[in-house]
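Examination of the molecular architecture
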Amino acid sequence: MTKNAFSAPRASEGIAPPSSSHDLLSVSTVTENRVLNGRAEPLGTINDVLVDMEHGRVAYAVMASGGFMGVAERFFALPWNALKLDVERKCFMLDADKSIFENAPVFDKEHWPESPDRQWHERIHTHYHARPYWQ
């Protein structure tokens, strides 16, 4: 059974349900969910989540896009606060046209950002018109 952000955790998983079934999500339920834009165009799939360990905050969702069966996929760090959970469509929404990815900061499976500097973070947030998570 594939877990996603829209399947409620079972009691046997040791997770007490929050007041709303979508207030708390484990990272494993977020991955593999689709990302759509306002026109319901598919943009990609959540591949991972990046956490700012110093501040204890979710910073980015890593979206995989393009390629075929994992080959030639491109990865985009999307500011977490730029995504909206759409329970009805069972996906995450990003207020962006597909063209925004033509010149977006990108990385591949073999070259993830290891220790990005402040400019990298600012460039990501500016590109997606999102408020930096540290503010």
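So, how was this worked out
- Residues numbered from 1 in each chain as written.
- Predicted model: local features only at pLDDT ≥ 70, side-chain atom pairs only at ≥ 80, totals over all residues.
- Heavy atoms only, no water.
- Helix = DSSP H or I, 4+ residues; strand = E, 2+ residues; numbered from the N terminus.
- Contact = heavy atoms within 4.5 Å.
- Buried < 20%, exposed > 50% of the residue type's maximum accessible area, 1.4 Å probe, protein only.
- Polar contact = N/O pair within 3.5 Å; in protein donor to acceptor, adjacent residues only side chain to side chain.
- Pairing = 2+ DSSP bridges.

When you go through the chain residue by residue, the secondary structure sums to two helices and six strands. Scanning the chain from its N terminus toward the C terminus, one meets helices and strands in the order α-β-β-β-β-β-β-α. Taking the contacts inside the chain whose residues are at least 6 apart along the sequence as the reference set, 48% of them involve residues at least 24 apart.

Our next topic: the side chain of S65. Mapped onto the elements of the fold, S65 is located in strand β3 (residues 57-65). Among the residues examined, S65 registers a relative accessible area of 18% and is labelled buried. A polar atom in the side chain of S65 sits 2.9 Å from the backbone oxygen of L43. When neighbours within four sequence positions are excluded, S65 is seen to be in contact with L43, G44, E73, R74 and F76.

The next thing to look at is the environment of P42. Along the chain, P42 falls in strand β2 (residues 42-52). P42 sits in the exposed class, given a relative accessible area of 55%. Residues P42 and C91, 49 residues apart in the sequence, show an inter-C-alpha distance of 9.8 Å. Once residues within four sequence positions are removed from consideration, P42 is found in contact with V35, L36 and K98.

For the rest of this paragraph, the subject is the pairing of strand β4 (residues 74-79). For β4, the buried fraction is high: five of the six residues fall into the buried class. Bridge count for β3 against β4 is six bridges, and the pairing is antiparallel. When the sheet's bridge partners are listed, S65 is paired in β4 with R74.

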